[in-house]
Amino acid sequence: MREVIGSNNRILEIDLSTKKFTVSEINKKDRNMYLGGKGMGLKLLYDRMEPGVDPLGEDNMIAFTMGVFMGSGAPCSGRFEAVTKSPLTGIMTCSSCGGPFGMALKTTGWDAMIIRGKASAPVYLAIDSKGVQFKPAKGIWGKDMNQAEAALLKEGAGALVIGQAGENLVRIANIRSGHRFVGRGGMGAVLGSKNVKGIVAKGGEIKIVPAKKEKFKKIVRRFNKYINNNPVTSGTYRSFGTNSATIACNTTGTIPVRNFTGGSHGEVHKISGETMAERFKTKWDTCKPCTIMCGHKGTIAGEERHIPEYETVHLLGSNLEIFDPVAVSDFNELCSKYGMDTISLGGILGWAMEATEKGLIKTSLKFGSTEGVADMIRDIALCRGIGKDLAQGSRLAAKKYGGEDFAMHVKGLELPGYEPRGAVGHGLGYATANRGGCHLSSYVISIEILFNMANPFTPKWKHYMVKFMENLFAAINSLHICQFTAYAVMFEPFLVKVSPFPLLKVLMGNMAPLAMNLMDVSLFPETWHAILGKHYIPYLGMLKFIKAGERVHVLERYMNTREGISKKDDTLPLRLLTEGRKCDAKEHTVPLEKMLKKYYKSRGYDENGIPKKRLLRRLGIKIQ
Amino acid sequence: MANEIAIRIKFFSGIDRELKLENYNHEQGLAMNVPAGKRLKWALRTAGMPAFSNHAYFRSGERISTRAKLRNGDEVTCLKPSGGG
Amino acid sequence: MHIPDHYEFLNHSKIISGKCALETIPAELGGYDAQKPLVIALKSVVERGLKKKFIKTFSNSMVVLGGIYDEVREYAGISLAQDAAILFKARGCDSIIALGCGPAVDLAKAVNVLVSEKIDNLSAHYEGAAIKGPLKPLIVVTAGRSNGREAANALVVDNRELVSDFLCPDVFIIDPRMTPGSCGESVAESGATAMAQAFAVLTDRGINPMTAAVAHPAMSYLAEYLAKGVKRPKNRQASVALANASVMASAAYSNSRPGMANLLAGELAEATGISAGRFERIILPSVIAAMLKKKAWIEDDLYLAAAGIDGYAATPAGERTQRGLEVSLNIVGGLKKVLPVSLSEMKVQKHFLEKAAKAAAAKSGKRFTEAECASVLAQAWDAAGKVK
Amino acid sequence: MNINKYPEIVPGRKFLKEFYVGIMLWVVGRALQVAAKVDKEVKAELAKLPNNFTLRMMVAPEKAFPLFFYAKLLPSFVTDIGLLPYGIQMFLHKDKEGNIKYIGADPKGKKADLSVIFTSIEAAWLVLSFQESTATAYMHGRFVVEGDLPHSLTFVRALDIVEVFLLPKIISGLAVKRYPKWSEMSLMRKFWKRIVIYIRAFTIG
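This write-up is about the structure you can find in this document. Given the structure is predicted, the values throughout are model-derived calculations rather than measurements.

Section: the sheet that holds strand S1 (residues 14–17) of chain C
Residues and elements named next belong to chain C. Reading across the sheet, the 6 strands line up as S1-S8-S5-S4-S2-S3 and stay open at both edges, with parallel pairing between neighbours. The open sheet terminates on both sides in strands that have one partner only, identified here as S1 and strand S3 (68–72). Strand-to-strand twist across the sheet, computed as the mean angle between neighbouring axes with direction ignored, equals 20°. Where strand S2 (residues 37–42) meets S3, 3 bridges bridge the pair, whose relative direction is parallel. Each residue of the ladder has a partner; that of valine 39, found in S3, is isoleucine 68. With respect to the sheet, helix H4 (residues 78–91) is in contact with S2, S3 and strand S4 (95–99), its orientation differing from that of S3 by roughly 175°. Contacting S2, S3, S4 and strand S5 (138–141), helix H5 (residues 103–117) runs over the sheet at an angle of about 165° to S4.

This is the structure in structure tokens:
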């Protein structure tokens, strides 16, 4: 096996229309500026794609990019990023996935892959170190994800497949790799529109070796120590998975109930991570490599299934007022069979239930009842009946049938399972997230609720928290490493560890910029430098790393503004801004306008939410 | 004793397992009678919890510290900090 | 003048415009035997502080306001209508006042249907059930941005249209205390909508004497006051004129066929979620440019309305069509500084244009082809319809 | 839904305007009564009205505030006079002999043959503060007339003359349709009648 030091730096560009491919290199400047992963994917598409193309048309491109960490043996690094223009939102979308395809593609010798054009007939792509073969997908087209993936995995170590939903251009379709998904933004439909059923990478052709081996080993040891010491990454995630946050969120009124009309419910403990772990005898089933181990599988209804994640449980469970873990798991399985995003699906079903209640559409769906839900999921995936309209996403469905005021989406992307009226900073995060209603762009709820470091109801300093976390997470997603490691890296270093909690709380609540900038996340850039063999300057290197994150975030924003995004889109569903909830006595709403103004100012956007030229120049983004 | 108040503590995130409570029910929680005026820390220590710092405590949706005074009919939720995803 | 073989014209509303128009509401309500109206108000109007002025006008009257439901924002949805209907019943109201244009009027009409027909939602009507009888009296106080559907016999709630002749508002109140706009932009948007409607009526081949008569003053007002109103949104005279133009254009338009600009703007607004007024401002010049190029024949009324009798009389009969279009182009051009002038400036995604052209052509009833629509949109993309 | 968020609103009263309009109606009524006695032209005009004829001028609504709880709290003699439960009104009566008489503001037991009803207090204010002339006001729908229209025109004509007597040119010019020329009304007559009407209106009637 050939050894590669640091990174491959090779890009595979595939044109499906002509069935040809070209190979190019990632230049050094781009590597330093955009790190890899998400940043690199955005940069590649920024250079290649015109604004205003049809997401489901021939001109759209989809990029799969691996980070520098992938394959190097860094902890929790088994993740890759997919970037494209989303058919659901009409703007750029980036999605991170932890499946085996990433490792397979990287060890085949490619750092990035860009697909454009449209195949005349259904194909699947087989990739090896020399290039790509276009093979007819006769046998697997029309098959569900399980069968299609099993068929493709005969030819390589990792595969990406779409299900029937992707083939039918359902705008919430996802792409699967292993039991992990490129979930949000309807990437499956993009592949489906290009007539690509799957992509399989041979894998195992090269071996990545860090440039500074000794240093890298040392860092990894420290990294693992942090992760293993942190109560979140080593404790609750490891024992109960992501769903361990359920009770905490329910207690503070931040779970979605009944299409985001409530924030807590008495029966939520039935679907909590603890209950599921006990009831289904869970064991680990994670991305590879992983140290945190948040993924679980267990025995549900007599068969071995993946345990639904937090978002799935809340969007397909509490949001529909269904508190039966087996039913939720059934829906989850259907989604992973047909290939649909569970978050968006839950949002759409919630909308459909409320619309049925209000007489806008006629379905058999009803809040609190599992009846008809599975059939509706099938109808959506196969575009039958009213499912055809629901498959367009809640935004377009609401445009057709009405009910835009309770379609819970931001920029077209359905909201995840946190109710922002209980944590207003998180609401700002939803509104400003580049790809739409997204919780992973900035996860301020962790500061507000889960670690209780700031008052969740005041807008004070929330703009700064959102900005900082957006930058940090954009950088983390460009490395590319699991976002959950941020807990360990942020809270385990010496200074934070020894500071008394009340002091941290006061600092965070009143002097957030100081508190956040004192946070030592240098472990991330140190690892990156060690792998690529670059010299790391303490602190300055970290600032550069955060700035790279800012660059990635602003680039994505800038690309979106070229597609027509501005302040008018940075908003939340009306319900969150105007209606108080019954579960909190003070009837909080999200004071978005206040926070948004400060956010734009601190970001360097103009009052309309467009990045100023000065900001783009400072970050070195070429204005097109 | 006359000055006794009834409280209920619910443990989640596997704390109940660590405390080795028998026949613990998530719905019911742990019912306790404590003398009036005692703080949460006292009640938790009585329940057998060795360390408090890593846990979060909630009373009717509000986060409280272990020094909070208990009132009659309180329902305290006790869990470990966690993230969703 | 040309006499159509057949025509119909419906306009049920009484229009009260001018000083102290608001004070006539109690008397008007009295005429309908109503004493307790529910007010459905636009949030933006209430935030501008007009609520106090509005309440004051009811002093020394027998009228008690059953409540001011001020949750109406940009979107009129059935949930708001249901809430307002609950309020209506709980307070024992007997009539409805819509304070503000656009969604407030739509919502008021929906509430009216809900409470008059005693139903929970409009699903039966969406499926074709007719509204059985006259509804409760509905008074519209114009304020804020108009969407050009206020005087129509239709309501649009949840993006779905419901048409019934009972839906026409009973009274329009245009009071100079309420009409001044908040900003030039919103005035320009309602102006562009009214302009597009009046233009569509006056250039339609199926024009009839009544629509012409109603659209004529609307066009005249727009020609005279649009630029002024946009420049000084708080100007009372201009704002009253524009509000009148808006109501009249909307009344005429609801009895006429939609024009190309209206259809295309509607389609684009639906696709992008931006208000139709902005698209109308952009597309109308291109439509006019295309008409100029094609040397299409239209009634002289357009020129007479836009330029006044002096200009009309001084122009040879053969040139009036041409000049009418040019003057209309100039009127729209007056909005240049406040609203974007091209679709590319609005950053509309290009692939929407094709679909919009197709849908508009399908809805036009073979009056214009897809290619025509597409070429108009292509022109509008980079604002080829330049103002002279 | 919390309906308490949208409270019921009982609009207030414009006391100053009410007061002014009340006074003005009284003055108009008394002045007409006096003018019919002292001026030939007015007398001739009013003679066209049938005998035993009652004219009412009032501000809508007729029943002022029956809904208001405080009307019930007041002592009965106040409400008996009709001051509170009825709106601001004025009655002129032409008896069998043809004498015009102002008969007060209490509508109890009176049947009006002709009503001039101002649609609102604001409308009455506009007309009675001479911001709009009677003719313009009628065009603007400030008041409605119930009864025989020719009779109301008679009344308006008489009212116009009285206004010319009562008010200086600068004000009454706004109020009447056309201000009389010198040839139609001499200065002597105007000023003399002005003094007489004022004195008699406020004293013996």
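Some details on helix H10 (residues 273–280) of chain A
Since the α-helix advances by 3.6 residues per turn, residues separated by three or four positions end up pointing in the same direction. All names here are of chain A. Of the residues making up H10, those classed as buried are Gly273, Glu274, Met276, Ala277 and Phe280. Down the axis, H10 shows its buried residues gathered within 170° of arc, on one side only. Residues of H10 that are buried make contact with helix H8 (231–240), helix H9 (246–251), strand S16 (296–300), helix H11 (310–316) and helix H12 (325–338). Positive backbone phi, approximately 50°, marks lysine 281, located one or two places after H10.

Let's talk about a positive patch on the surface
Residue and element names in this part refer to chain A. Taken together, the side chains of Lys207, Lys213, Lys215, Lys217, Lys218 and Arg221 present a region of like positive charge at the surface. For lysine 207, the location among the structural elements is in strand S14 (residues 206–209). Lysine 207 sits in the partly exposed class, given a relative accessible area of 46%.

Let's talk about the sheet that holds strand S2 (residues 10–15) of chain A
Residues and elements named next belong to chain A. The strand order across the open sheet formed by 6 strands is S3-S2-S7-S4-S5-S6, and the pairing between neighbours is mixed. In this open sheet, the two strands that pair with only one neighbour each are strand S3 (20–25) and strand S6 (92–97). The average angle at which neighbouring strand axes cross in this sheet is 15°, direction not considered. Bridge count for strand S4 (residues 62–66) against strand S7 (residues 112–116) is 4 bridges, and the pairing is antiparallel. The partner of phenylalanine 64 across the bridge, within S7, is methionine 113.

Structural notes on the environment of glutamine 237 of chain C
Residue and element names in this part refer to chain C. Within the fold, glutamine 237 resides in helix H9 (residues 236–253). Classification of glutamine 237 as partly exposed rests on a relative accessible area of 49%. Note: C-alpha distance between glutamine 237 and proline 258 (21 residues apart in sequence) is 29 Å. Residues within four places of glutamine 237 in sequence aside, it is in contact with Tyr225 and Lys228.

Here's the deal with the packing of aromatic side chains
Evaluated as defined, the whole model comprises 26 aromatic pairs over all chains. Between the aromatic rings of tyrosine 221 of chain C and tyrosine 225 of chain C, the centroid separation amounts to 6.4 Å while the plane-to-plane angle is 50°, which identifies the pairing as tilted. With a gap of 4 residues between them, tyrosine 221 of chain C and tyrosine 225 of chain C both fall in helix H8 (residues 209–231), about one helical turn apart. Note on tyrosine 221 of chain C: relative accessible area 30%, which makes it partly exposed. A cation over a ring is seen here: arginine 160 of chain C above tyrosine 126 of chain C, with NZ or CZ 4.5 Å from the ring centre. When the ring centre of phenylalanine 91 of chain D is taken as reference, the NZ or CZ atom of lysine 110 of chain D above it lies at 5.3 Å.

Observations regarding the nonpolar core
With 181 residues, the main nonpolar core has Trp351 of chain A together with Phe54 and Ile283 of chain C as its most contacted residues. Looking at which element gives the most residues to this core, the answer is H9 of chain C, with 12 residues. Setting aside anything within four residues of it in sequence, one finds isoleucine 283 of chain C in contact with Ala261, Leu264, Ala265, Leu268, Val376, Leu377 and Ala380 of chain C. Grouped together as the second largest cluster of nonpolar side chains are 132 residues, Leu35, Met49, Met408 and Leu450 of chain A included.

Looking at the interface of chain B and chain A
Taken together, the 18 residues of chain B in the interface contact 26 residues of chain A. Both sides of the chain B and chain A interface together cover about 1900 Å² of buried area, and 60% of this is carbon and sulfur. Here chain B is connected to chain A by 1 residue pair in polar contact (both at pLDDT 80 or more). When grouped by side-chain class, the residues that make up the side of chain B that touches chain A number 4 nonpolar, 10 polar and 4 charged.

How each quantity is defined
- Residues numbered from 1 in each chain as written.
- Chains lettered and ligands numbered in written order.
- Predicted model: local features only at pLDDT ≥ 70, side-chain atom pairs only at ≥ 80, totals over all residues.
- Heavy atoms only, no water.
- Pairing = 2+ DSSP bridges.
- Helix = DSSP H or I, 4+ residues; strand = E, 2+ residues; numbered from the N terminus.
- Axes fitted to C-alpha atoms, helices over the stretch in contact; angles between N-to-C directions.
- Contact = heavy atoms within 4.5 Å.
- Buried < 20%, exposed > 50% of the residue type's maximum accessible area, 1.4 Å probe, protein only.
- Arc of directions from axis to C-beta.
- Patch = residues over 30% accessible without salt bridge, like charges linked within 9 Å, V, L, I, M, F, W, Y side chains within 5 Å.
- Areas by Shrake-Rupley, 256 points an atom, 1.4 Å probe, with all protein chains shown as cover.
- Salt bridge = Lys/Arg side-chain N within 4 Å of Asp/Glu carboxyl O.
- Lys, Arg positive; Asp, Glu negative; His and termini not counted.
- Charge placed at Lys NZ, Arg CZ, Asp CG, Glu CD.
- Phe/Tyr/Trp six-rings, centres within 6.5 Å; stacked < 30°, edge-to-face > 60°.
- Lys NZ or Arg CZ within 6 Å of the ring centre and 35° of its normal.
- Core = buried A, V, L, I, M, F, W, Y, C linked by side-chain atoms within 4.5 Å.
- Buried area = accessible area lost by both parts, 1.4 Å probe.
- Polar contact = N/O pair within 3.5 Å; in protein donor to acceptor, adjacent residues only side chain to side chain.
- Nonpolar A, V, L, I, M, F, W, Y, C, P; charged D, E, K, R; others polar.

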